[in-house]
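Observations on the model geometry
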Amino acid sequence: MTATEMRASVGLASIFGLRMLGMFLILPVFALYAEHLPGGSNHTMVGLALGAYGLTQAMLQLPFGMASDKFGRKRVIYFGLLLFAIGSFVAASATTIETIILGRVIQGAGAISAAVTALLADSTREEHRTHAMAMIGGTIGVTFAASLVIGPALYQYIGMHGIFAMTGVLSLTAIAVVKWYIPNPLASHFHSDAEASPAKLGDVLRNSQLLRLNFGIFSLHAAQMAMFVVIPFALRSTGNLDINHHWEVYLPVVTIAFIVMVPAIIYGEKRAKLKQVFVAAVGLMLMAQLGMAASMHHFWGIVAALTAYFIAFNILEATLPSLISKIAPVGAKGTAMGVYNTSQSIGLFFGGALGGWLSQNYGFPAVFMFSASLMTIWLLAASGMRPPPAVKTRMFHLGAIAADQALLLNTRLRDVEGVYESAVVADEGIAILKVAQQGWDEAAATKLIEESKHGISK
């Protein structure tokens, strides 16, 4: 990467991290804090407050991405960050649970994920874009783990009002980062590998393999949000843990989970065993949910179940995007990821709302039995999926290319050894290849592409 590409990637990854921070920081402490608010003893309202963010996020992230094509990336991002800040300040000033729900709805309406991804695509060359996207994915994972530890500590010193106000100030600071730190791209246009295309939406929604993964990310985050309606109470009642000390449970648990996750992912990718690792993680998640349901009155049982949960969660959160990339049609990866991200946001809302309702009306174990039911369906779906091909994505810049020349080049690239699928997109001047992880003929593909750039055809 050039210095400019690295600057854009780091800056935009930090913006993504901020968005996740606003959602994750309150998870380990909000349910206990809400007890002191009018209406906060109703767990249905607590679940709505946790999940409301996901509802408007799901509704608006794809439209915001499309709007960024028309009105400009940075303008849309400014608007989204401003909405996020307004929602944060509304929640910070709230004295009732209903006002916090309103603040969370406004926070979620600042749905800039697709616009940020599009700006990242504008700011990086094709051959470095996958690495840049991985930086964003890593930032989200680290933010989630850190939030579970930092959230209770922040709550001790600045309270829930302070946490919401802090995320609002950080959002306004992020506007300055976007304006003055992140470079303006030389050109801005649609990127099929990073943005959703309405024309390809039908193909993605009809792909049964992708639907399994979309249901998976929905279930994973529905269970996550439902869990945090209950777990803070369970840790307090079984371990006599003050809310300010819940980090003492989360820190070792997430550390162990990260240590276990890394070799599992490496094994799955390097040995072409990604399906086996993936299915095993879904099975472990099912066992974790059942373990939590059975351990609501046993502190160490809860800790053991949380450890299994975070191991499974980290593996699944890392492998799902990789599986989307391997399975999605090579020219519709951006659309597939858009549907995937929307499914995730719907899961956040659904899990928070239904988890809160179940907790209020049927007790804590019912929340985990609901999550276990989702995991059972997911396990059946995942077990029946086709093993993903052992492939990786390579992108090449072509520059201006005529439609007939693009068609010819695409035909020739498909004949190259180790190329599973190819798409030459004349409008974008790129070639996207899905190739074998080992042993593909990169030299032959590069030669064809260079010939095409110079107008040579055979």
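The structure under discussion appears in the preceding block.
Everything numeric here is computed off the predicted structure, so don't read it as measured data. (Residues numbered from 1 in each chain as written. Predicted model: local features only at pLDDT ≥ 70, side-chain atom pairs only at ≥ 80, totals over all residues. Heavy atoms only, no water.)

Some points on the overall build of the protein
Scanning the protein from terminus to terminus reveals 16 helices and three strands. Relative to the 2.2 N^0.38 estimate, which gives 23 Å for 458 residues, the radius of gyration of the protein is 23 Å and therefore close to what a compact globule would have. Dimensions along the principal axes, computed over C-alpha positions, put the protein at roughly 75 × 45 × 35 Å. Counting the 458 residues in the protein, one finds 57% classified as buried. Looking at the protein alone, contacts between residues at least 24 apart form 83% of all its contacts between residues at least 6 apart. Summed over its atoms, the accessible surface of the protein is roughly 18200 Å², and 65% of this surface lies on carbon and sulfur atoms. Once the 29 positive and 24 negative side-chain charges of the protein are each reduced to a mean point, those two points are 1 Å apart. (Helix = DSSP H or I, 4+ residues; strand = E, 2+ residues; numbered from the N terminus. Rg over C-alpha atoms; globule rule 2.2 N^0.38 Å. Buried < 20%, exposed > 50% of the residue type's maximum accessible area, 1.4 Å probe, protein only. Contact = heavy atoms within 4.5 Å. Areas by Shrake-Rupley, 256 points an atom, 1.4 Å probe, with all protein chains shown as cover. Lys, Arg positive; Asp, Glu negative; His and termini not counted. Charge placed at Lys NZ, Arg CZ, Asp CG, Glu CD.)

Considering the nonpolar core
Counting residues in each nonpolar core, the largest one holds 133 residues, and the members touching the most others are Phe 30, Ile 231, Phe 278, Leu 306, Phe 310 and Trp 378. With 17 residues, the next largest nonpolar core counts Phe 396, Leu 409, Val 424 and Ala 436 among its residues. (Core = buried A, V, L, I, M, F, W, Y, C linked by side-chain atoms within 4.5 Å.)

Focus: unusual backbone geometry
Positive phi, close to 50°, is recorded for Asn 240, a residue that is not glycine. Positionally, Asn 240 belongs in the loop between helix H9 (208-239) and helix H10 (247-270). Asn 240 gets classed as exposed once you look at its relative accessible area, which sits at 70%. For Ala 272, which is not a glycine, the phi torsion comes out positive at approximately 55°. Mapped onto the fold, Ala 272 is located in the loop between H10 and helix H11 (274-294).

Notes on the layout of surface pockets
Over the atoms rolls a probe the size of a water molecule, and its path tells where empty space is left. Estimates place the volume of the second largest pocket at around 390 Å³. Looking at the second largest pocket, it is lined by 20 residues, and the ones nearest its centre are Asp 122, Ser 123, Thr 124, Arg 125 and Leu 186. For the lining of the second largest pocket, the secondary structure elements donating two or more residues are helix H1 (3-24), helix H6 (113-123) and helix H7 (126-181). Within the lining of the second largest pocket, the residues separate by chemical class into six nonpolar, eight polar and six charged. (1 Å grid on protein atoms, 1.4 Å probe; cavity = no way out; pocket = protein on both sides within 12 Å on 5 of 7 lines; lining within 4 Å. Points joined across faces, edges and corners; volume = space filled by probe spheres on them. Nonpolar A, V, L, I, M, F, W, Y, C, P; charged D, E, K, R; others polar.)

Some remarks on H6
Among the 11 residues in H6, 10 count as buried, and that is most of the element. Within H6, the full set of buried residues consists of Ser 113, Ala 115, Val 116, Thr 117, Ala 118, Leu 119, Leu 120, Ala 121, Asp 122 and Ser 123. Considering only its buried residues, H6 is in contact with H1, helix H3 (43-71), helix H4 (73-92) and H7.

Considering empty space enclosed by the protein
Under the definition given, this model contains two cavities of 30 Å³ or more. Of the pockets and cavities examined, the second largest cavity occupies roughly 30 Å³. In terms of lining residues, the second largest cavity is bounded by Ser 325, Ala 328, Pro 329, Val 330, Lys 333, Thr 393, Ile 432 and Lys 434. Residues belonging to the lining of the second largest cavity are distributed by class as follows: four nonpolar, two polar and two charged.

Some thoughts on the environment of Gly 351
Here Gly 351 is to be found in helix H13 (residues 333-362). Residues Gly 351 and Lys 273 lie 78 residues apart in sequence; the distance between their C-alpha atoms is 30 Å. Those residues in contact with Gly 351, other than ones at most four positions away along the chain, are Ala 222, Met 225, Ala 226 and Gly 356.

Some points on the sheet that holds strand S2 (residues 419-425)
On the basis of which strands lie adjacent, the open sheet formed by three strands has the order S1-S3-S2 and antiparallel pairing. Among the strands making up the open sheet, the edge pair consists of strand S1 (391-397) and S2. For this sheet, the mean angle separating the axes of adjacent strands, direction not counted, is 15°. Looking at chain direction, S1 and strand S3 (residues 430-436) are connected through seven bridges and run antiparallel. By the bridge assignment for S3, Val 391 is matched with Ala 436. The strands that helix H15 (residues 403-414) touches are S2 and S3; relative to S2, the one it contacts most, it runs at about 170°. (Pairing = 2+ DSSP bridges. Axes fitted to C-alpha atoms, helices over the stretch in contact; angles between N-to-C directions.)

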